[in-house]
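Architecture at a glance
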Number of protein chains: 2
Amino acid sequence: MNWKLAARAERMNPSIIREILKVTEKPGIISFAGGLPSPKTFPIAAFAKACADVLAKDGQAALQYAASEGFPALREFVANELAKQSAAAGVPWAIDPAQVLITTGSQQALDLIAKILIDKDSRVLVETPAYLGALQAFTPMEPQYVSIASDDEGVLIDDVKSKIYPVRPELVEGQASASTSSARTDGKARFIYVIPNYQNPTGRSMSEARRAALSQAAREAGLPIIEDNPYGDLWFDAPPPASLTARNPDGGIYMGSFSKTLAPGLRLGFLVAPKALYPKLLQAKQAADLHTPSFNQRLVAEVLKDGFLDRHVPTIRALYKSQCEAMLAALARELAGTGITWNQPTGGMFLWVKLPAHMNSVDLLPKAVERNVAFVPGAAFYADHPQHNTLRLSFVTASVEQINIGIAALAAVLKAAL
Amino acid sequence: MNWKLAARAERMNPSIIREILKVTEKPGIISFAGGLPSPKTFPIAAFAKACADVLAKDGQAALQYAASEGFPALREFVANELAKQSAAAGVPWAIDPAQVLITTGSQQALDLIAKILIDKDSRVLVETPAYLGALQAFTPMEPQYVSIASDDEGVLIDDVKSKIYPVRPELVEGQASASTSSARTDGKARFIYVIPNYQNPTGRSMSEARRAALSQAAREAGLPIIEDNPYGDLWFDAPPPASLTARNPDGGIYMGSFSKTLAPGLRLGFLVAPKALYPKLLQAKQAADLHTPSFNQRLVAEVLKDGFLDRHVPTIRALYKSQCEAMLAALARELAGTGITWNQPTGGMFLWVKLPAHMNSVDLLPKAVERNVAFVPGAAFYADHPQHNTLRLSFVTASVEQINIGIAALAAVLKAAL
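Just so it is clear, the model here is predicted, and its values are computed rather than measured. (Residues numbered from 1 in each chain as written. Chains lettered and ligands numbered in written order. Predicted model: local features only at pLDDT ≥ 70, side-chain atom pairs only at ≥ 80, totals over all residues. Heavy atoms only, no water.)

The interface is formed by 84 residues belonging to chain B together with 84 residues belonging to chain A. Remark: the boundary between chain B and chain A carries 2 salt bridges. For Asp111(A), the salt bridge is made with Lys115(B), and the minimal N-O distance between the two is 2.6 Å. On inspection of chain B and its partner chain A, the count reaches 37 residue pairs in polar contact (both at pLDDT 80 or more). Counting residues per element, the ones that place at least two in the side of chain B that touches chain A are helix H1 (7–11), helix H2 (16–23), helix H3 (44–62), helix H5 (105–117), helix H6 (132–138), strand E9 (252–257), helix H12 (278–289) and helix H13 (294–304) of chain B. In terms of residue count, the dominant contributor to the side of chain B that touches chain A is H3(B) (8 residues). A per-class count over the side of chain B that touches chain A returns 45 nonpolar, 23 polar and 16 charged. (Contact = heavy atoms within 4.5 Å. Salt bridge = Lys/Arg side-chain N within 4 Å of Asp/Glu carboxyl O. Polar contact = N/O pair within 3.5 Å; in protein donor to acceptor, adjacent residues only side chain to side chain. Helix = DSSP H or I, 4+ residues; strand = E, 2+ residues; numbered from the N terminus. Nonpolar A, V, L, I, M, F, W, Y, C, P; charged D, E, K, R; others polar.)

Written as structure tokens, this is what we have:
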């Protein structure tokens, strides 16, 4: 049989990270590669009790088909929790639970957004580097990625402004044309996609000033902001500044997840969308999988009752902070004075290492694996023009003891290659 | 904010069935409208035990990220079960578990297939009438639907053959052109989508002869068959003939589900694909939601151990058979001699009623709801040229007592309109 594939299928690729994870799956390896939350943090006992309670109380409803929008109690929880966080961050955000769509992980939210907003060749603005999972979700809808120059605080506002519309060759040549106006409308970027808090892959966060400037620039230009916030709850010493969407709720879609605060294996995420946009996202959701498992939604709603996250999440923060500090200390101990640099995350799961410009981290991975330590080469995370002298380290999966051993092994590989 | 939507979003529509279900959600209504499995059949005690066992034994792994392909034990179960059923039906089918992809309900399988096989304006052959959920999943990829004439045994083979390639106006006009060959290749249908067993919405099944003929015609023409089989296990007196995919495994994708044999609220389905096609489906799956909830997969694998389905599914068959018989008896009692006709399903969840040609079931629905009974007007299920004098009745949700009351009420509405 000669199957004819859709053009978009040609653009799909195996996840580079998943391929790397396969290479690094050898016994005894210390992996800084995957973005796997520490399973020590999974509240297994709470889930066991919730399973028993939900099945005893509402078993038939929990196992039946359900509304595509999501379980009402969970949608209310999300709306209230975000409103509470936003108010605490100084930017009140009134969310109607009717704006909340429960998704099968926040990865699905990316898929739904791509379906309703991206046409073939639509321009989509992304960070440099960008979250690989988002690129994978958007790519089947065949966008043109436009990488926005970024520093330690996130995207550079002037670069955002200059790239909302395509560079017009005749303007570059100094020859403005009468058709500029309609061409600008056609080629206008559909949205900018950002992770403001403890970004994947870099671990960096947007400052308050940068958020304010991005929000204002986007609002003035009518550029939607797709704000992905899977890591925002994982702050070490202080919560991050208020979300971008809270600053202009009609101008963006917000995405969150229970994967990092409860457990990823339930595949529970959510989005908050302007009411005008919600029906199309809901229709895309119905077509994608009818609804997110009702059992999982009721389970989590049961676990979340009575302020569970307020007791549970601080334990995750403390664990990840201690592991991040151990990794930073080990890096400083092993690599000070080598010209290799890294950032100092204030939350999240990742940190980002820069090697001297001539080095290529892809070449170093096999050598690291030989020494029983793994990372993700940074080149995978660029929509274009990959910087090969970068790598991502996750500090959440390995213990402090493993971090000390693993960073020493990694440092030996890096120093040998200098 | 002025959001610019993708062209495909304009084609998406709210599910007509879900809109109807909202209308019919009034206390005390007897609904033959939804396709909701009887919650009496959900094995709640088995799930409760499996939850406790899985969390006690493998809690951390069950709550962690997992492989996009699915949980190995569940993929093996699917491969073995299908091989067993096919052998019993006389068509051996050797399935490698590596060909099985676990999906978030079989609805997701439809979404993944649409993404990798449908370009804008690709021709897609569907039954008359067709499963609405499939139309919803395919539509965002902007196919051209081609409805295949169908009788009580499914699609008519001559009509399939005549529609694999587009009708060429110059051929219709009797003027063959030199460009015929390349145009035929370009416009060739990407696949035919069928539900051979107890189809949704009609409840009809393909005979062995029809299956053999369709399989042969598709193989000869190089037309892929997308075979959806959510209801095949729900036979009343004898299992259905062997699957289409078993007859030519390289020429089709097979889809199945645990929604009807265990519970829909877990959202667990699967597909079996030729090895050449599997990687693209897997990439689409990764991009769509990373993986189907690992907890749900392990839960079901645990429940399925030790031949659970062999004990459980016969109880569902017996229940649905008794309810179907009650509905058929009630229809005969109330509507004999009126010119209204219906089919005699041999399994599944639905039956299909035809009214005299001048009647429109959409107009009758409000009158039925007034009398506390609901159905789905058949027009919703046609890709084009809806037949308004049809309606779908589900016999699985209501009890025998409710069926007797509900059909009497429905018959009064229909007879008043004759």
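This brings us to the pairing of strand E10 (residues 269–272) of chain A. All names here are of chain A. Residues Gly269 and Leu271 of E10 are buried on one face, and the alternating residues Phe270 and Val272, pointing to the opposite face, are buried as well. For strand E2 (residues 100–103) and E10, the ladder comprises 4 bridges, and the chain directions are antiparallel. When the bridges of E10 are listed, leucine 101 appears paired with leucine 271. With 4 bridges connecting them, strand E9 (residues 252–257) and E10 associate as antiparallel partners. Along E10, the bridge assignment pairs glycine 256 with phenylalanine 270. (Buried < 20%, exposed > 50% of the residue type's maximum accessible area, 1.4 Å probe, protein only. Pairing = 2+ DSSP bridges.)

Once that is clear, we can look at helix H15 (residues 361–370) of chain B. All names here are of chain B. Of the positions making up H15, those classed as buried are Ser361, Leu364, Leu365, Ala368 and Val369. Buried residues of H15 fall within an arc of 140° about the axis and therefore sit on the same side. Looking at the buried side of H15, the elements it contacts are H2, strand E13 (373–374), strand E14 (376–377), strand E15 (390–394) and helix H16 (400–417). Looking one or two places after H15, you find asparagine 372, whose phi comes out positive at around 65°. (Arc of directions from axis to C-beta.)

Ranked by size, the top nonpolar core spans 178 residues in total, and within it Phe138(A), Leu393(A), Phe138(B) and Leu393(B) carry the most contacts. Here Phe138(A) is in contact with Leu110(A), Ala114(A), Ile118(A), Val124(A), Pro143(A), Tyr145(A), Phe191(A) and Tyr193(A), once residues within four sequence places are set aside. By size, the runner-up hydrophobic cluster in this structure holds 74 residues, among which are Leu63(A), Phe42(B), Leu262(B) and Val313(B). (Core = buried A, V, L, I, M, F, W, Y, C linked by side-chain atoms within 4.5 Å.)

With that settled, consider the layout of surface pockets. Roughly 1000 Å³ of internal volume is contained in the second largest pocket. In terms of lining, the second largest pocket is formed by 41 residues, of which the most central are Tyr65(A), Leu21(B), Gly34(B), Gly35(B) and Leu36(B). Elements with a contribution of two residues or more to the lining of the second largest pocket: H2, strand E1 (30–31), H5 and H6 of chain B. Here the lining of the second largest pocket gets 5 residues from one element, more than from any other, and that element is H2(B). In terms of residue class, the lining of the second largest pocket is made up of 16 nonpolar, 16 polar and 9 charged. (1 Å grid on protein atoms, 1.4 Å probe; cavity = no way out; pocket = protein on both sides within 12 Å on 5 of 7 lines; lining within 4 Å. Points joined across faces, edges and corners; volume = space filled by probe spheres on them.)

This part takes up the sheet that holds strand E8 (residues 225–228) of chain B. Residues and elements named next belong to chain B. Taken in spatial order, the 7 strands line up as E2-E10-E9-E8-E7-E3-E4 in an open sheet, and their pairing is mixed. If you trace the sheet from one side to the other, it starts and ends with strand E2 (100–103) and strand E4 (144–147), each paired once. Strand-to-strand twist across the sheet, computed as the mean angle between neighbouring axes with direction ignored, equals 20°. Examined bridge by bridge, strand E7 (residues 191–194) and E8 share 3 bridges and lie parallel to one another. Each bridged residue has a counterpart across the sheet, and for valine 194 the counterpart in E8 is glutamate 227. Running at roughly 115° to E2, helix H4 (residues 72–88) makes contact with E2, E9 and strand E10 (269–272) of the sheet. (Axes fitted to C-alpha atoms, helices over the stretch in contact; angles between N-to-C directions.)

Another aspect to go through is the domain arrangement of chain A. Residues and elements named next belong to chain A. When the domains of chain A are assigned, the result is domain 1 (7–42 + 310–417) and domain 2 (44–308). A C-alpha centroid distance of 25 Å is found between domain 1 and domain 2. With both chains or domains summed, domain 1 and domain 2 bury close to 3400 Å², and 59% of this area falls on carbon and sulfur atoms. Ranking the residues of domain 1 by area buried against domain 2 places Arg11, Phe42 and Arg317 at the top, with a combined share of 20%. The interface formed by domain 1 and domain 2 contains 2 salt bridges. Notably, a salt bridge pairs arginine 11 with glutamate 142, separated by 3.8 Å at the nearest N-O pair. Our count for the domain 1 to domain 2 interface comes out at 18 residue pairs in polar contact (both at pLDDT 80 or more). Elements supplying a minimum of two residues to the side of domain 1 that touches domain 2: helix H1 (7–11), helix H2 (16–23), helix H14 (308–335) and strand E12 (350–354). With 9 residues, H14 is the single largest residue contributor to the side of domain 1 that touches domain 2. Class assignment of the residues belonging to the side of domain 1 that touches domain 2 gives a composition of 21 nonpolar, 8 polar and 8 charged. (Domains from an automatic or database assignment. Buried area = accessible area lost by both parts, 1.4 Å probe.)

Residues and elements named next belong to chain B. For the coordinates displayed, the defined rule picks out 18 aromatic pairs over all chains. When the centroid spacing of 5.4 Å and the interplanar angle of 70° are considered together, the rings of phenylalanine 138 and phenylalanine 191 count as edge-to-face. Here phenylalanine 138 is found in helix H6, whereas its partner phenylalanine 191 is found in strand E7, with 53 residues between them in sequence. Like phenylalanine 138, the residue phenylalanine 191 is buried in the burial classification. (Phe/Tyr/Trp six-rings, centres within 6.5 Å; stacked < 30°, edge-to-face > 60°.)

Take the pattern of salt bridges next. Enumeration over the complete set of coordinates arrives at 38 salt bridges over all chains. In this structure, Lys120(A) and Asp121(A) form a salt bridge, with 3.8 Å as the shortest nitrogen-oxygen distance. Looking at Asp121(A), the relative accessible area reads 39%, which means it is partly exposed. Note that Asp58(B) and Arg298(B) form a salt bridge whose closest N and O atoms lie 3.6 Å from each other. In this pair, Asp58(B) sits in helix H3 while Arg298(B) sits in helix H13, placing the two residues 240 residues apart along the sequence.

Okay, the sheet that holds strand E11 (residues 341–342) of chain A next. Residues and elements named next belong to chain A. Taken in spatial order, the 4 strands line up as E11-E12-E15-E14 in an open sheet, and their pairing is antiparallel. Each of the sheet's edge strands pairs with one partner strand only, and the pair in question is E11 and strand E14 (376–377). Strand direction decides the pairing type here: E12 and strand E15 (residues 390–394), joined by 5 bridges, are antiparallel. Along E15, the bridge assignment pairs lysine 354 with threonine 390.

A few words now on the relation of the copies chain B and chain A. Least-squares fitting of chain B to chain A yields an RMSD of 0.0 Å, with the transformation described by 0.0 Å of translation along the axis and a rotation of 180°. On this basis, the relationship between the two copies can be described by a two-fold rotation axis. Of every C-alpha in chain B, the one belonging to Cys51(B) sits nearest the axis of rotation, 3.3 Å from it. Of the residues that chain B buries at the interface, 100% are likewise interface residues in chain A, meaning the two copies contact each other through the same surface. (Least-squares fit on C-alpha atoms with pLDDT ≥ 70 in both.)

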